[in-house]
Amino acid sequence: MRWKPSSANRTVLFCLLAALLGPREGVADYAYVTNQSSSDLSVIDLERMKEIRRIPVPGMPAGVAVSQKLGAFFTVSPDSKTIRRFGLADANPQVERQLDGGPIGIAVDDRRRRIFVSDWYNARVWVLAADDLSLTATLNTGSAPAGLAISPDGRWLATADRDSHQMSIFDADTLALRHRITVGERPFGLAFAPDGRVFSADVGSNTVTAVDPESGRVLGRAKTGERPYGIAFATDRGFVTNQYGDSVTVFDARTYAEVGVIDVGGYPEGIDTTADGARIAVANWDTNTLSIIDAKSLEVVGEIATGDGPRAFGLFLTTDMPKE
Amino acid sequence: MRRLPTILLTFLLFLPAIAFAHGPTRQKLSLAVDVKAAPAEVWAVIGNFQDMSWHPAVFKSTGTGDNAIDATRVLTLGKEGGPTISEQLYKYDATKMTYSYRITEVDVAVLPVTNYSSHLTVTPTASGGSHIEWRGAFYRGYPNNDPPENLNDAAAIAAVTAVYKAGLDALEAKFGK
């Protein structure tokens, strides 16, 4: 029987135990990968390196956000403009809501039980209640917002406003706009490092731009391959998917110097780190696979088949245990 | 009164900044054909980025940079003075017999796609012949919401399918079934 965290206290206790005991035992990592072309979602067990469930998600889903704390995952289908909430353990659909415009990216603020969804066509972000997906507010961004994320400490919401070449920073609590920061050309994906800095992947300039959300200052830039898309972090390193390079660029998150380039599948997009920081998962849109990278050795240690056209645009990994 | 928005829209479509915008869902397409000729023989014909004369729709191809990364070519379609497609090479591997390129400029009236990238690959078949695969990734021609019928996802897929099919049919005729 696997140990399953069911409350915050037990999670803290578990983390302490895990830290004391070293490598985790009995906890696996799971990936929730949106397959845009086949309109479904693959649940993948990263320990056994195989797909364990396939869930229909109509409307060609791209955006995804998993929240262990809320026991739910959320998907965005841009074609049908539909947001859905599913139970994490049973993968059953619970609520769905249709929006107008062009919903694409999604992020969860589990502290305040809020969902943020970017509107690609109307320079705004929808704020929805996580429980019933009811609309509670809209925020104005720059043109064509795509990626968005909540800071690890829960203070900030950041959006990548692609066609304005900027990042918008909002106070996640009051929802007030704090900064608009010019980054590289056409930022699409965006992610917070564990230390609180936020990074945009700039599709047009082949760079990653690091920003301090508090001051709104640009802190540094890293070079990437062709068409950087998503970013993840592990062991003081940044990992960026290069859509046109079929590769992942690894850079030192402190010096911004390149550490290496890893070949993955075709057209890599969504990228995320396992809870223990040991592995990185990359969704390869063209080759229909999930590449698993060892964050230390920088080697690809596995490649798992997915549905057609995996995007996994968002935070798509969790350690919770879905039923098969 | 209904004219004005259409004119504005047409104008907006040709602004350079708008060329980067795209629809919500990237499409992918893969067509392939098996031919009798050996891979080396096929690659000798289709492996030069600067020569696309093997495709029946291409009247002329001019370019710079040979088969080096970032090489460019401009394809003239149909006849002298016909519509053009500008393309750039971003991957080339003669050993693996594959190259990848993207369209840097095309009028959506010519090919109703944006953000188009493509791969052409030759691999050996069990019988000593060649498997020729042509793959593409692209968005529809209309970058905004609610596309007109001639610029929607289905139109983009149909147009690229027609281009690939014409090319592969010609190769099949040339290299034998």
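Please read these numbers as outputs of a predicted model, since none were measured by experiment.

1. Some thoughts on the sheet that holds strand β13 (residues 156-161) of chain A
Residue and element names in this part refer to chain A.
- As summarised here, the arrangement of the four strands in space is β12-β13-β14-β15, forming an open sheet in which the pairing is antiparallel. Across the chains shown, the open sheet's two edge strands, defined by having one partner strand only, are β12 (145-150) and β15 (177-182). Across the sheet, the mean angle from the axis of one strand to that of its neighbour is 20°, orientation sign disregarded.
- Note: β12 against β13, four bridges, orientation antiparallel. Counted as the bridge partner of L148 is T159 from β13.

2. Describing the sheet that holds strand β3 (residues 72-77) of chain B
Residue and element names in this part refer to chain B.
- Pairing within the open sheet is antiparallel, and its seven strands lie in the order β1-β7-β6-β5-β4-β3-β2. The outermost strands of the open sheet, each flanked by one partner alone, are β1 (27-35) and β2 (58-64). Averaged over all neighbouring strand pairs, the angle between strand axes comes to 20°, with direction disregarded.
- On top of the sheet, helix α2 (residues 39-46) reaches β1, β6 (113-124) and β7 (130-140); it is set at about 150° to β6, its chief contact.
- Each of β1, β6 and β7 is contacted by helix α3 (residues 153-175), which is oriented at about 15° to β1, the strand it contacts most.

3. Focus on the confidence of the model for chain B
Residues and elements named next belong to chain B.
- Looking at chain B, the pLDDT average stands at 90 and 89% of residues meet or exceed 70.
- Confidence, expressed as mean pLDDT per element, reaches its minimum in chain B at helix α1 (residues 3-13) with 49 and its maximum at α2 with 98.
- Across residues 7-19, where pLDDT falls below 50, the model places four contacts with residues more than four positions away in sequence or in other chains.
- The ipTM for the predicted assembly is 0.74, set against a pTM of 0.85.

4. Here's the deal with the confidence of the model for chain A
- Overall, the prediction assigns chain A a mean pLDDT of 92, with 90% of residues at 70 or greater.
- Predicted confidence for residues 11-25 of chain A stays below pLDDT 50, and this span has four contacts to residues more than four positions away or in other chains.

Definitions and cut-offs
- Residues numbered from 1 in each chain as written.
- Chains lettered and ligands numbered in written order.
- Predicted model: local features only at pLDDT ≥ 70, side-chain atom pairs only at ≥ 80, totals over all residues.
- Pairing = 2+ DSSP bridges.
- Helix = DSSP H or I, 4+ residues; strand = E, 2+ residues; numbered from the N terminus.
- Axes fitted to C-alpha atoms, helices over the stretch in contact; angles between N-to-C directions.
- Contact = placed C-beta atoms within 7 Å.
- pLDDT = per-residue confidence, 0-100.

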